[in-house]
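Given next are the chains, with one letter for each unit.
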Amino acid sequence: MPGLLHDVLARRAAAHPAAPAFTVDGVGTLDYLSWHLGALRVAAGLAARGARPGERVVLAFEDGDWLSFATCFMGVLAAGGVAVPVRAPVPAPHLLSTAARVGAAGLVVGGRWWEAATEADEAASGGWLAHAADLTAPTGAAPTGAAPTGGATAGAVRRAGTDPAAVILTSGTTGAAKAVLSSHSSLTDDWPEGDDVPPPQDNALFTSVAIGTNAAQSVLKSCLLNGVHVVLGQPLAPERLAGLIEEHRVSALSVVPTTARLAVAALRRQGHAPARVRSVVSSSAPLDQPTVDGLAEVFPQAEIFNVYTVAEGGAGLQHRCLPGRPPALGALGQDARVVDDAGRDVAPGEVGELWLRHTGPALSYLEPAPEPGDASATGTRYLADGWIATGDLCRLDDGLVHFVERADDVIVSGGLNIASATVEAALRTHAAVKDVAVFGVPHAALGRAVAAAVVLTAPATAAALREHCAQRLPRDHVPLDIVVAEELPVTPNGKVRKRLLTEQYVRTYQAAAAAATEALEDEVERMVFAAFRDTLAVEPIRRDSDFFRLGGHSLLATRLAAELERRTGQSVEPALVLRHPRAGDLSDALRRSWARGAGPR
């Protein structure tokens, strides 16, 4: 068995150099030889910047920059470093804080989103900063002897299997993300017995996984260990899915429920039912019955699975979902329980917290994890005898576990877990905010979206509060909407009634927003909304629709700007989209800009 993941890459480059590893729709394809040589160029570039074995390197990439990210990830490993993926774009202070927290020696950033970086930012990071394009350029020198062979990677730094290889920042169900270490051995634990490289698979896997997640790390492993050609839609263009399935011989999809719903809607509109797809796996959030029924309709030959795991791995459930039957997470067994507040198993039909037994190897953290039985911890908690309390409330029915809701304040939005406490802490730093509650609201594309209710001591607009958050939080944490309340509803013991806030929002604010959307102000809004729909292949579009939360990134921002130029005949800079990602805000910015000139033709 190989000890290092980049050794597997070297073997694949030697055995199947031209075989496709990754394809990003609208960007290109990365074969194993190009991947291997690019990783060695990155390793050489990191060494030239003084990176030493064992040092951590933060990799901040947008989802649309997967090819460059995969190359830099393997380059860090080949240099003997520890890769720390972070999903971009993120505010510079947040990224630098993350780098400081994990003790990173330097930062590698990809794409155009980091154009605002300055020498002061680099100095503040306490280390070096490099752009991916400079590290991956073909003119960069790879180490001597870099031709792929069947053995260890020539020119790469040798590390032990027990040495750390990567850090994954969990989604923060405890209110603050934990930094989980993966060793080199854990990245290759699925390698089949023997030293032969399994041939590339004839069929491909389609996914739209986000960088910086456990799912992204699993995709990298699957590509290398199993020879899977991974086709990525970043963002997912639902209208292109049927064509991608045929073009790349896609037989399996790995999705989140949000992606699944978009795919179902697009394939229904087109009248497609791809028979080639034999497996659809959904994770990150539970599937609902309408989505299962839709998947069964558009993928008639596929088995559909709900997969439930905890971020730290080694524990989970899986259930094959059938149309017309309520989807479950899985069956109870010796490694799964549903319990009440006292830790007693609940009766069928009752609701309790899901516990899972951790079956994998012991985990390692950069910071101490909560102690077993720590009552101060929320969300995922670690108990005695390997049991993990997941923080999810579930119900038993005929021996199957059905998801009910989160027990803590986590909002699952677009397949990402967002801790409301993190967003609340950012809003509380605004001088005008006296009190705040962050909660989830229904959203047609994301499933759930982040919203906030604030009590103010001085006037402040929702736009100003959102901008305040945008300067401190990752983009997907910024509330889609912020409403002002005279006071927050609380229980007799003082706990905020967030479920009531959600109900009030849906009944009042969301209805008003939908009504406002139906009455578009002018031709500018009509053109902007149409450009959003055509670029992102998502509808409906509202004034509060956020380009990045719907899957956009800096490369697509260029495409959106070009589409707006085509429709209006006026110059539109991609930077304007980056500054005003919401459809309504972009319409207002264009209207102000064109008021000073000729306007759209």
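The following paragraphs examine the structure supplied in this document.

Scoring rules and cut-offs
- Residues numbered from 1 in each chain as written.
- Predicted model: local features only at pLDDT ≥ 70, side-chain atom pairs only at ≥ 80, totals over all residues.
- Heavy atoms only, no water.
- Helix = DSSP H or I, 4+ residues; strand = E, 2+ residues; numbered from the N terminus.
- Buried < 20%, exposed > 50% of the residue type's maximum accessible area, 1.4 Å probe, protein only.
- Areas by Shrake-Rupley, 256 points an atom, 1.4 Å probe, with all protein chains shown as cover.
- Axes fitted to C-alpha atoms, helices over the stretch in contact; angles between N-to-C directions.
- Parallel < 35°, antiparallel > 145°, perpendicular 65-115°, else oblique.
- Left-handed = near helix turned anticlockwise from the far one by under 90°.
- Contact = heavy atoms within 4.5 Å.
- Nonpolar A, V, L, I, M, F, W, Y, C, P; charged D, E, K, R; others polar.
- Pairing = 2+ DSSP bridges.
- Core = buried A, V, L, I, M, F, W, Y, C linked by side-chain atoms within 4.5 Å.
- Salt bridge = Lys/Arg side-chain N within 4 Å of Asp/Glu carboxyl O.
- Expected span 1.5 Å × (residues − 1).
- Arc of directions from axis to C-beta.
- Phe/Tyr/Trp six-rings, centres within 6.5 Å; stacked < 30°, edge-to-face > 60°.
- Lys NZ or Arg CZ within 6 Å of the ring centre and 35° of its normal.

### Re the overall build of the protein
Point 1. For the protein, the helix and strand inventory stands at 18 helices and 26 strands.
Point 2. With 601 residues in all, the protein has 52% of them scored as buried.
Point 3. Summing over all exposed atoms, the protein offers an accessible surface of approximately 24,800 Å²; the carbon and sulfur share of this is 51%.

### Observations concerning the packing of helix α15 (residues 523-536) against helix α18 (residues 583-595)
Point 1. Remark: α15 packs on α18, axes separated minimally by 9 Å, with the N-to-C direction vectors making an angle of 130°. Between α15 and α18, the interaxial angle falls into the category oblique. Crossing angle aside, the handedness with which α15 passes α18 is right-handed. Where α15 approaches α18, its residues Val 524, Glu 525, Val 528, Phe 529 and Phe 532 are matched on the opposing element by Ala 583, Leu 586, Ser 587, Leu 590, Arg 591 and Trp 594.
Point 2. For the contact of α15 with α18, the per-class residue count stands at 8 nonpolar, 1 polar and 2 charged.

### A look at the sheet that holds strand β26 (residues 481-484)
Sheets are built from strands that pair by backbone hydrogen bonding, the pairs being arranged parallel or antiparallel.
Point 1. Read across the sheet, 3 strands follow the order β24-β25-β26 without closing on themselves; strand pairing throughout is mixed. Since the sheet does not close on itself, it has two edges, and those belong to β24 (433-443) and β26, each with one partner. Direction aside, the axes of adjacent strands within the sheet are offset by 25° on average.
Point 2. With 10 bridges joining them, β24 and strand β25 (residues 447-456) adopt antiparallel strand pairing. Counted as the bridge partner of Asp 435 is Val 455 from β25.

### Some words on the sheet that holds strand β9 (residues 204-207)
Point 1. Reading across the sheet, the 8 strands line up as β2-β1-β10-β9-β11-β12-β13-β14 and stay open at both edges, with mixed pairing between neighbours. On the outer flanks of this sheet lie β2 (28-31) and β14 (316-321), each paired with one strand and no other. Averaged over all neighbouring strand pairs, the angle between strand axes comes to 20°, with direction disregarded.

### Focus on the packing of helix α3 (residues 66-78) against helix α8 (residues 214-226)
Point 1. In contact at an axis separation of 12 Å, α3 and α8 are set at 80° when each is read in the N-to-C sense. Overall, the two elements α3 and α8 adopt an arrangement that is roughly perpendicular. Residues Trp 66, Phe 69, Ala 70, Phe 73 and Met 74 of α3 pack against Ala 216, Gln 217, Val 219, Leu 220 and Leu 224 of α8.
Point 2. Of the residues assigned to the contact of α3 with α8, the class counts are 9 nonpolar, 1 polar and no charged.

### Side note on the nonpolar core
Point 1. Ranked by size, the top nonpolar core spans 54 residues in total, and within it Phe 22, Trp 35, Leu 46, Leu 59, Trp 66, Phe 73 and Val 108 carry the most contacts.
Point 2. With 10 residues, α3 is the largest single contributor of residues to this core.

### Let's talk about the environment of Glu 424
Point 1. When you line up the elements, Glu 424 lands in helix α12 (residues 420-428).
Point 2. Overall, Glu 424 belongs to the buried group, its relative accessible area being 10%.
Point 3. Separated by 11 residues in sequence, Glu 424 and Asp 435 place their C-alpha atoms 8.9 Å apart.
Point 4. Setting aside its immediate chain neighbours within four residues, Glu 424 contacts Val 436, Ala 437, Val 438 and Lys 498.

### Some remarks on the pairing of strand β17 (residues 351-357)
Point 1. In terms of burial, β17 is largely enclosed, as 5 of its 7 residues are buried.
Point 2. Sheet topology places strand β16 (residues 336-339) next to β17; 4 bridges connect them, and they run antiparallel. Residue pairing for β17: Val 338 is matched across the bridge by Leu 354.
Point 3. Relative to strand β20 (residues 387-397), β17 is paired through 6 bridges, and the arrangement is antiparallel. Following the sheet pairing, Gly 352 is matched in β20 by Cys 394.

### So, the pattern of salt bridges
Oppositely charged side chains can pair when the atoms bearing their charge come close.
Point 1. Tallied over the full model, the rule gives 26 salt bridges.
Point 2. Of the charged contacts, one joins Arg 240 and Asp 25 as a salt bridge, the two residues approaching to 2.7 Å between their closest N and O atoms. Residue Arg 240 is found in the loop between β10 (229-232) and α9 (241-247), and its partner Asp 25 is found in the loop between β1 (20-24) and β2; the two are separated by 215 residues along the sequence.
Point 3. Two residues, Arg 344 and Asp 340, come together in a salt bridge whose shortest N-O distance is 3.2 Å.
Point 4. Taken together, the salt bridges that share partners define one network made up of Glu 525, Arg 543, Asp 588 and Arg 591.

### Details of α8
Point 1. Taking 1.5 Å of rise per residue, the 13 residues of α8 would be expected to cover 18 Å, and the 17 Å separating its terminal C-alpha atoms lies within 8% of that figure.
Point 2. Looking at the residues trailing α8, positive phi occurs at Gly 227, about 70°.

### Considering helix α16 (residues 554-568)
Point 1. Helix length check: α16 (15 residues) gives 21 Å between terminal C-alpha atoms against 21 Å at 1.5 Å per residue, within 8%.
Point 2. Of all the positions in α16, only Ser 554, Leu 556, Ala 557, Leu 560, Ala 561, Glu 563, Leu 564 and Thr 568 are classed as buried. Buried residues of α16 fall within an arc of 160° about the axis and therefore sit on the same side.
Point 3. Looking at the buried side of α16, the elements it contacts are α15, α17 (574-579) and α18.
Point 4. Gly 569 lies just past α16 and shows a positive phi near 75°.

### Quick word on the pairing of strand β6 (residues 128-131)
Point 1. Side-chain alternation along β6 places Trp 128 and Ala 130 on a buried face and Leu 129 and His 131 on a face that remains uncovered.
Point 2. Here strand β5 (residues 104-109) pairs with β6 via 4 bridges, running parallel. Pairing of Leu 107 across the sheet is with Leu 129, part of β6.

### So, the packing of aromatic side chains
Point 1. Applying the stated criterion across every chain, the model contains 8 aromatic pairs.
Point 2. Taking the centre distance of 5.3 Å and the plane angle of 35° together, the rings of Phe 22 and Trp 66 count as tilted. Of this pair, Phe 22 sits in strand β1 while Trp 66 sits in helix α3, placing them 44 residues apart in sequence. An identical accessibility class is assigned to Phe 22 and Trp 66; each is buried.
Point 3. Arranged with centres 6.3 Å apart and planes meeting at 25°, the rings of Tyr 32 and Trp 35 form a pair that is stacked. Of this pair, Tyr 32 and Trp 35 both sit in helix α2 (residues 32-48), 3 residues apart, roughly one helical turn.
Point 4. The class for Tyr 32 is buried, based on a relative accessible area of 0%.
Point 5. An aromatic cluster of at least three residues, connected via ring pairs, comprises Phe 22, Tyr 32, Trp 35, Phe 61, Trp 66, Phe 69 and Phe 73.
Point 6. Stacked on the ring of Tyr 32, the Lys or Arg Arg 12 has its end atom at 5.8 Å from the ring centre.
Point 7. A cation over an aromatic ring shows up here: Arg 337 above the ring of Trp 387, its NZ or CZ 5.8 Å from the ring centre.

### Some words on the environment of Pro 198
Point 1. Structurally, the position occupied by Pro 198 is in the loop between α7 (184-187) and β9.
Point 2. Classification of Pro 198 by relative accessible area gives partly exposed; the value is 21%.
Point 3. Each C-alpha atom of the pair Pro 198 and Ala 15 lies 9.6 Å from the other, and the pair is 183 residues apart in sequence.

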